[in-house]
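# Breakdown of the fold
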2 protein chains.
Amino acid sequence: MNIHADSPRTDETALPVVHLRRPRWGDPATPGELPAAAAALVGADGTERRGVAPDDVVLAEPQLPVDARSALVEALGEHHVIDDHRSRIDHTRGYSTPDILALRSGDGTDAPDVVVTPGSHDDVLRVLEICAEHRVAVVPFTGGTSVVGGLAPDRTGFAGVVTVDLARLDELVDIDEISRTATLQAGLRGVRAEELLRAKGYTLGHFPQSYAGAGIGGYAATRSAGQSSAGYGRFDDMVEGMVLATPRGTIALGAAPKSAAGPDLRHLVLGSEGVLGIITEVTVRVHPVPDHRVFEGWHFDDFDAGAAALRALAQDGPMPTVLRLSDEMETAINLADPDGAGGTDAAGPTGGCLAVIGVEGAHDEVEARHAAVTAVLERAGGVSMGEGPGESWRTGRFRAPYLRDPLLDAGVLVETLETVTYWSRLADLKVLVTAALTDTLTAAGTAPLVMCHISHVYPAGASLYFTVVCPQTDDPIAQWAAAKTAANDAIRAAGASITHHHAVGRDHRATYHAEIGDLALDALRAVKVALDPAGVCNPGILI
Amino acid sequence: MNIHADSPRTDETALPVVHLRRPRWGDPATPGELPAAAAALVGADGTERRGVAPDDVVLAEPQLPVDARSALVEALGEHHVIDDHRSRIDHTRGYSTPDILALRSGDGTDAPDVVVTPGSHDDVLRVLEICAEHRVAVVPFTGGTSVVGGLAPDRTGFAGVVTVDLARLDELVDIDEISRTATLQAGLRGVRAEELLRAKGYTLGHFPQSYAGAGIGGYAATRSAGQSSAGYGRFDDMVEGMVLATPRGTIALGAAPKSAAGPDLRHLVLGSEGVLGIITEVTVRVHPVPDHRVFEGWHFDDFDAGAAALRALAQDGPMPTVLRLSDEMETAINLADPDGAGGTDAAGPTGGCLAVIGVEGAHDEVEARHAAVTAVLERAGGVSMGEGPGESWRTGRFRAPYLRDPLLDAGVLVETLETVTYWSRLADLKVLVTAALTDTLTAAGTAPLVMCHISHVYPAGASLYFTVVCPQTDDPIAQWAAAKTAANDAIRAAGASITHHHAVGRDHRATYHAEIGDLALDALRAVKVALDPAGVCNPGILI
């Protein structure tokens, strides 16, 4: 599907820092527009459904105990304890399609009672202490872009919910140019972190599709993966050190890049989704800003052939910086739209599958690596479609989330999900998940288009990312819930992981528990009890 | 120092599977011999000190409760519950110099009461259950090569000590050729695992200096790093899946190569040193057997210049398969010995520092990578010394441990220690640790030679490995303890990690706790209580 029709093209160096305003995505100056092709594709009825305006969503009165509120005000100052309607709305849930649909339906039940904005690690410690004392649930918040319910704690048994927005923890603390590391405060948005690093000649190389909104703390807490993961790695691979504020005090990790001193406890904090405390600082590896890049489209006859080519690169090298493969359906829908990746620029064959590769770095190294990648792809049966489709993807890659709002407006349901498995099980997993989604939605009378791509590869396996589009029923939340449950069951039955880069939150909790088993879950819960005895940190999330 | 004078040369494909017989290292068919240069270097008094023979070490009667012993016999069979003198001796402590000196002094206090040899994962579960019931401490054992006291639990409060030797868990369970993974039972020795994999065309690429003795379970439990870590990674990087037997049951991890489903719990088991249970199976990445290799020596004017060259490769690539740098002292001692690495083959300059690089893989890829590595090293001021010193290092690299026994016999104290830090702190750390060792041993009247090398590099930092040689005092255990304490303090003061690849065991426990802090330690202890409520798993180790 074309993700950037008639909209300004964007680049990782040219995006504005956006404060997302619910329920719509992104920078209001670049609104999503509905490509004509999209609505026609799914046969939506065309009824405009914009739903309840945010200002009209009814919220319960803030429930916070008076003592807790006073203690927060005393700790942070009146300005940093916020409970106006709009601030509460803008910290309600995240950006999954069900989250957006819920807010559009006027459902404000998950709004926090108060939003606080601490200005330092010590402020965060104090907030946690106050909340533990008053048994108030605490939700950490950087960009607010969760798509798995990670910002919607279970408030049962708690005296209220405080969202800790880390927006004021927005400094580049230090760059160690010898070790090529940078220490970033957790509230820095990805876009702003990149801006600060580029000013010093460095890049983080982390560009998830949520890049316009997401922040450093969220990247770490959810084990985010960006579009350049082939070259720069996943976020959890980039982290050298972390500072975690817990209700019982501070944990600082990362005495050395690698060590054999016990288990690597950084991996206990990465992916902990706020249930052990709040990450306030992250030390990450950085790279010199690339001075050269080549992005290209490649044609493969079918998905299996393309996947084999990606596997050859992942196992025997060399790795490009960006490496992705659309299946036949995703490729066809891109090609059907004149502005889509692989569209007018593509003089190449129609049908088959489109792969995009990008190589970035120093000029000579890029030229050499690009030549070696080309040789591997050609040996695997790929045919270059030139730079057109590659550049088209590169410049439009942050626009996909902008498309969802106009589609929802037009009665089209669109949502994504993703998983990861070993190479030997990838083809079966794709078939099973596609069938689960297709069968469930078809049975509901809303036959979907199910598209899939690989966007993250490893020597032993790869991710699968599905996009589902179909007409909405009268209850699109229930409609999607049934499809999602069927997909989760298929993923579990195939022995794959419930998430490659969207995390667990509340939405994946049951499937996650089945994935890791009771005893591993006990171990994780024991860690939570040790660090958060009152259980106030993001209750109901993950564990 | 020359590590292979007059001894057969060895290769990772030609080593025998060795069952180490305490206290001496390695294959009895290839005994270590004392290079003349070594004794002269340190001015030892020449008195022969072979110590008490293993058969003459006095052991306490086995303490195991009768009921516990019967239950073990019932579970495993009489043949697999062993308490003869020699078996107990061969499972006493590990292979640090203090461990060897203790046994040579006739100290058998850490001998297990019984050695059991379970034949399956379920057997291991049953042993853990029995030991938990009878409050008997359990020590997991694969190769028995710990150099940090990892096999010497604190038996205070326990009814006995059972060593669980996994020797019968020695199968290559499965190879997934599509995903390039192999599932190995934990009792497989490294040498045997490599033999089984090579028969199928694959290599694990993990060659620690303990390779002759160490096993798969130990690699995982201690986060081992091998000499080819530049190319194949550390052991903890190679692991995709693990099965852990705990007193409360089984944990199986690794649904996918990478995931965002909560914290990566594989990293809680890797490095857990037997305190959470016993690893019975590990799934690792494997690689096609390389068909081509180039090993070379390179000269750098000084350590800083050499370290800068290694950093350039680690940060901007390409990485060779093996990458190491000896400091001026280690280089001089190698060059002083005619058979040493950099010895007679080296027509190159004397003085300065010797780096060894090795590139392995498919022929054309090796040629291209070698050319690119050469360009980086030359730009950094390196001068190639040709393949002689590289091959000399490669073929002799598993012989160093053989040298220690004859040195100890001759009254020479020799021991090693290692650490890791960020590149920006590496030079300072080297100075501080060298001074701590030199000052302490000089004050004892035994001025040492302190040599150092870098053998593991990462984008953000590198390891430092120190070898210390000096004459023994009358109490060499106390002599080394003082030096080691001073070195540990220096490492901690420099903010580095207490170990890069030797683990924590009992010897590093206090420094480790200072490194991670009280709260992180609480979290780890909570995991232990969750999985091992009776606390029988390797008590006194790590936590």
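Each chain has its residues counted from 1, following the order in which its sequence is written. Numbering of ligands from 1 and lettering of chains from A proceed in the order in which they are written. The predicted origin of the model limits local features to residues at a pLDDT of at least 70 and limits the giving and counting of side-chain atom pairs to 80 or more, whereas totals for whole chains, interfaces and linings rest on all residues. Excluding hydrogens and water, the side-chain values take into account all heavy atoms of the structure.

### Here's the deal with the relation of the copies chain B and chain A
Each copy of the sequence occupies a distinct position, and chain B is placed on chain A by a rotation of 180° and an axial shift of 0.0 Å, giving an RMSD of 0.0 Å. Both copies are brought into coincidence by an operation consistent with a two-fold rotation axis. No C-alpha of chain B lies nearer the rotation axis than that of Ala526(B), which sits 2.7 Å from it. Comparing interface residues between copies, 100% of those in chain B also sit at the interface in chain A, which points to an isologous, same-surface contact. The copies are overlaid by a least-squares fit using only the C-alpha atoms of residues whose pLDDT is at least 70 in both copies. Contacts: residue pairs with any heavy atoms within 4.5 Å of one another.

### A closer look at the sheet that holds strand β8 (residues 239–246) of chain A
Residues and elements named next belong to chain A. Here the rule is simple: two strands pair whenever DSSP picks up at least two bridges between them. Secondary structure elements are taken from DSSP: a helix is a run of H or I of four residues or more, a strand is a run of E of two residues or more, and numbering for both begins at the N terminus. On the basis of which strands lie adjacent, the open sheet formed by five strands has the order β5-β6-β10-β8-β9 and antiparallel pairing. What marks the edges here is a single partner per strand, and that holds for β5 (172–176) and β9 (249–253). The average undirected angle you get between the axes of adjacent strands in this sheet is 10°. Across four bridges, the pairing between β5 and strand β6 (residues 181–185) is antiparallel. By the bridge assignment for β6, Leu 172 is matched with Leu 184. Under this scheme, a helix contributes an axis fitted over its contacting stretch, all axes are lines through C-alpha atoms, and angles between N-to-C directions fall in the 0 to 180 degree range.

### Notes on the pattern of salt bridges
Where side chains of opposite charge bring their charged atoms close, a pairing between them can arise. The term salt bridge refers to a pairing of a side-chain nitrogen on Lys or Arg with a carboxyl oxygen on Asp or Glu at a separation within 4 Å. All told, the structure shown has 56 salt bridges over all chains when counted by the stated rule. Here Asp237(A) makes a salt bridge to Lys258(B), at a shortest N to O gap of 3.3 Å. With Asp237(A) in helix α9 (residues 235–238) and Lys258(B) in the loop between β9 (249–253) and α10 (266–269), this pair bridges two chains. Note on Asp237(A): relative accessible area 28%, which makes it partly exposed. In this scheme, a residue with accessible area under 20% of its type's maximum is buried, one over 50% is exposed, and one in between is partly exposed, where area comes from a 1.4 Å probe on protein chains only.

### Concerning the domain arrangement of chain A
Residues and elements named next belong to chain A. Looking at chain A, the domain boundaries give domain 1 (1–47 + 290–407), domain 2 (172–288) and domain 3 (411–503). Note: domain ranges come from an automatic or database domain assignment. Each of domain 2 and domain 3 was reduced to a C-alpha centroid, and the two centroids are 29 Å apart. On the side of domain 3, seven residues touch domain 2, which itself brings nine residues to the contact. When two parts are brought into contact, each loses some accessible area as probed by a 1.4 Å sphere; the total of that loss over both is the buried area. Taken together, the two surfaces of domain 2 and domain 3 that pack against each other cover about 580 Å², and 48% of this comes from carbon and sulfur. Counting across the interface, domain 2 meets domain 3 through zero salt bridges. As used in this structure description, the phrase polar contact means that two N or O atoms lie within 3.5 Å; if the pair is within protein, one of them must be able to donate a hydrogen and the other to accept it, and residues adjacent in sequence are counted only when both atoms belong to side chains. At the boundary of domain 2 with domain 3, the tally comes to three residue pairs in polar contact (both at pLDDT 80 or more).

### Considering unusual backbone geometry
Residue and element names in this part refer to chain A. Here the bond from Arg 22 into Pro 23 is cis, since omega is 0°, no more than 30 degrees from zero. Positioned with a positive phi, Ala 503 is a non-glycine residue whose angle comes to about 75°. As for its position among the elements, Ala 503 is in the loop between α17 (476–493) and α18 (509–516). Accessibility expressed as a relative area gives 1% for Ala 503, which makes it buried.

### What about helix α13 (residues 363–379) of chain A?
Residues and elements named next belong to chain A. Helix span, expected: 1.5 Å multiplied by one less than the number of residues in the helix. With 17 residues, α13 extends 24 Å from end C-alpha to end C-alpha; this agrees with the ideal 24 Å at 1.5 Å per step. Of the positions making up α13, those classed as buried are Val 366, Arg 369, His 370, Val 373, Thr 374, Val 376 and Leu 377. Across the axial projection of α13, the buried residues extend over an arc of 165°, all falling on one side. Exposed residues on α13 whose side chains face more than 90 degrees from its buried face are Asp 364 and Arg 379. Directions from the helix axis toward the C-beta atoms define the arc.

### Considerations on a negative patch on the surface
Residue and element names in this part refer to chain A. Residues Asp 301, Asp 302, Asp 304 and Glu 328 make up a contiguous surface patch of negative charge. Here Asp 301 shows up in the loop between β12 (292–300) and α11 (303–316). We classify Asp 301 as exposed; its relative accessible area is 61%. A patch consists of residues whose relative accessible area exceeds 30% and which take part in no salt bridge; residues with like charges are grouped when within 9 Å of each other, and nonpolar side chains (Val, Leu, Ile, Met, Phe, Trp, Tyr) when within 5 Å. Throughout, the Shrake-Rupley method with a 1.4 Å probe supplies accessible areas, and for residues the shown protein chains are the sole cover considered. Two residue types count as positive, namely Lys and Arg, and two as negative, namely Asp and Glu; His and chain ends fall outside the count. Every charge is mapped to an atom, namely NZ of Lys, CZ of Arg, CG of Asp or CD of Glu.

### Digging into the nonpolar core
Counting 278 residues, the largest nonpolar core has Phe235(A), Leu437(A), Ile454(A), Phe235(B), Leu437(B) and Ile454(B) as the members making the most contacts within it. Beyond its immediate chain neighbours, meaning those up to four positions away, Leu437(B) contacts Leu417(B), Pro448(B), Val450(B), Phe466(B), Val468(B), Trp480(B), Ala483(B) and Ala487(B). Nonpolar core, defined: a set of buried Ala, Val, Leu, Ile, Met, Phe, Trp, Tyr and Cys residues in which side-chain atoms within 4.5 Å join the residues together.

### Comments concerning the interface of chain B and chain A
Contacts between the two partners involve 73 residues from chain B and, on the opposite side, 73 residues from chain A. Buried area between chain B and chain A, summed over both chains or domains, comes out near 5,600 Å², and the portion from carbon and sulfur atoms is 61%. Looking at the side of chain B facing chain A, the largest losses of area belong to Lys258(B), Tyr422(B) and Leu519(B), adding up to 13% of the total buried there. The tally of links between chain B and chain A comes to eight salt bridges. Asp264(B) serves as the salt-bridge partner of Arg223(A), at 3.7 Å between the closest nitrogen and oxygen.

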